[in-house]
Amino acid sequence: MSGKVIGRIAALEKCPTTIDNFCFWTDKDTLLNPFDVVVVDHLNDSKTYGVVEEISHITDSDSFLANFISNDFGQLDAVMNTDRIGMNYVAAKVVGNTKNIYIPVQNGAKVSLGLKDDIQTALGLDEIKNPVVCGYLEMYSGLDEDKVDLPVYVNSDFLIGPEGAHLNISGISGLATKTSYAMFLLNALQQQTLQQQAVSEDEKKKKKSVAYIFMNVKGRDLLSIDEPSENLTENDRVMYKSMGLSEAPFCNVKYFYPYGERGTVKSYVRSEILDHQIKSNQAKKFKFTFNEDNESLDLLFSNIEDPNQTIESIINYIISKQQPFDRVDSWESMLKEVQEMGSRGSDKGNKEISVMSWRKFRRIVRKSVETEKMFNDSVEESKGEVRLEEEIKKLKANDVFVVDIAKQDENMQAFVFGSVMQAVTKLKLGEFDEDMDEKQRRQIPDRIVIFVDELNKYASGDTPKSSPILRLLLDIAERGRSLGIILFSAEQFKSAIHKRITGNCSTHAYGRTNSIEVSDKTYSFVPATYKNMMTRLKQGHYIIQNPVFHSLLKIRFPMPLYKQDKGDN
């Protein structure tokens, strides 16, 4: 049984129905929309499902001139004696058949609206395992009596592994609400994994534990994610309830701020919020020491071309503690020895590295090490100071780490982000196992989700191929699924991101973008009507692509559950 009949199939000599597509005519007053599901009666009492891609209106007028003449030679207030014969016809894409019959639908077959079960079957939503809600779908929004609302779930195995992994969100700044959608999805994931704690131990063993690391790159966006939202509307609350989610913000949250001047933090965080987080033992100040973090030196050169690999040679020279770096134990003494190497040239040390290379190295490192207070060789835990790598070793299931890099320049943001990725990779590869006891090793989460906005800063087509951060991102995109490292990323223009990263994402979310972006070949698989809709999407509306869905889905989501601080910086 299907819903209301709205038209019949039209198979024409010049426009036949095919295995993939069909057209049907419908009443002019039937308000269908792209992405709506329709049901066609087919052979052997089966149903063929289609998704609306294009809606057209035609009349018997064969030219614009004829139409002009029929309106009393262009009189704007003319009333025609007889209306022209006109109709709407709809082009739809086949997404399935209840009995796997894929010969084209027949001319004259009835076309109906779908009931809720039809829609779920058509879009592949009826057999979702390990469901995590990813939005809310409104079908037939132009037909009040037949409107269908339903939550959309995605199989978490295709979102955070092991079947598929990584999420990419794209859309123009401000209108696409990329961070809000990522936080909505991540909150739903945390709620799902927390619910698993209520099941039996046997069931719990079958489930995968998940932890989260968010990079805060803009203002105070993510610096109060454990505080409840004050802006939820009644519609938002209804939507959360229908999706089976509570209105709780993130829990188990810790904030990490870069160490700043005179023991403060380099951050846009409000002082009263920081004080509260420190008192509740949620906030830490992170530093990088030379002895423990010198292997991250290459991350300072992420945006610098190194065609002859001289910078890489210098870093290897320092890390391997060749003379005179064998006695270096601080950032200050490293800079001093590098200066010596630059002034003495090839008289001492590696003769293959030129004086100019040493000077270039010092110029770049000095700018960062001397101006950024987080490069500090003294870490006092009693004052809330930590090393990020040490804290990531302690990451447990359902923990949420927020690393604030919003107030740092692009080079420092890249350095911290790269350091986080390096530490997570080492943790999952077991490189810290010798420093951990059995209990600590058991607590390592099965999945660690890293969220970063502005991915174009680290993995665009303009990023040097030798960039260590690009290498890390490619490694996570290609091997992260098997290691349990999942990348949730966002950027304005997906077409500018390295193809090996977007190509390895199992889930894509498209927010509002512009016509230049959708004209790129990255969007060549998207029907023209959907491309145009991408340029008109409202805030809170997304087009989703995932392997479990039979078609692109247009969904919306409610306001995030945490306090969003959008005040002036």
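Here is what the cut-offs are and how they apply
Residues numbered from 1 in each chain as written. Predicted model: local features only at pLDDT ≥ 70, side-chain atom pairs only at ≥ 80, totals over all residues. Heavy atoms only, no water. Helix = DSSP H or I, 4+ residues; strand = E, 2+ residues; numbered from the N terminus. Buried < 20%, exposed > 50% of the residue type's maximum accessible area, 1.4 Å probe, protein only. Contact = heavy atoms within 4.5 Å. Areas by Shrake-Rupley, 256 points an atom, 1.4 Å probe, with all protein chains shown as cover. Lys, Arg positive; Asp, Glu negative; His and termini not counted. Charge placed at Lys NZ, Arg CZ, Asp CG, Glu CD. Salt bridge = Lys/Arg side-chain N within 4 Å of Asp/Glu carboxyl O. Domains from an automatic or database assignment. Buried area = accessible area lost by both parts, 1.4 Å probe.

Colleague: Would you mind showing me how to read the overall build of the protein here?
Modeller: Each helix and strand counted, the protein has 18 helices and 19 strands in total. Dimensions of the protein along its principal axes, counting C-alpha atoms only, are 95 × 60 × 45 Å. Taken over 569 residues, the protein has a buried fraction of 52%. Restricting to contacts in the protein with at least 6 residues of sequence separation, those with at least 24 account for 76%. Total accessible area on the protein stands at roughly 27,000 Å², and carbon and sulfur atoms take up 46% of it. Positive and negative charge centroids in the protein, built from 72 and 82 side chains respectively, lie 3 Å apart.

Colleague: Can you help me understand the pattern of salt bridges in this one?
Modeller: Any two side chains of opposite charge can pair, on the condition that their charged atoms come close. Counting across every chain of the model gives 24 salt bridges. For glutamate 390, the salt bridge goes to arginine 387, with nearest N and O atoms at 3.4 Å. You can call glutamate 390 partly exposed: its relative accessible area is 31%.

Colleague: Mind showing me how you'd approach the domain arrangement of the protein here?
Modeller: By domain assignment, the protein separates into domain 1 (5-114), domain 2 (154-288 + 374-556) and domain 3 (294-371). Taking only C-alpha atoms into account, the centre of domain 1 sits 43 Å from that of domain 2. On the side of domain 2, 10 residues touch domain 1, which itself brings seven residues to the contact. Contact between domain 1 and domain 2 buries roughly 730 Å² in total, counting both sides, with carbon and sulfur atoms accounting for 65%. In terms of surface lost to domain 2, no three residues of domain 1 exceed Phe35, Glu53 and Val95, which account for 70% of the buried area on that side.

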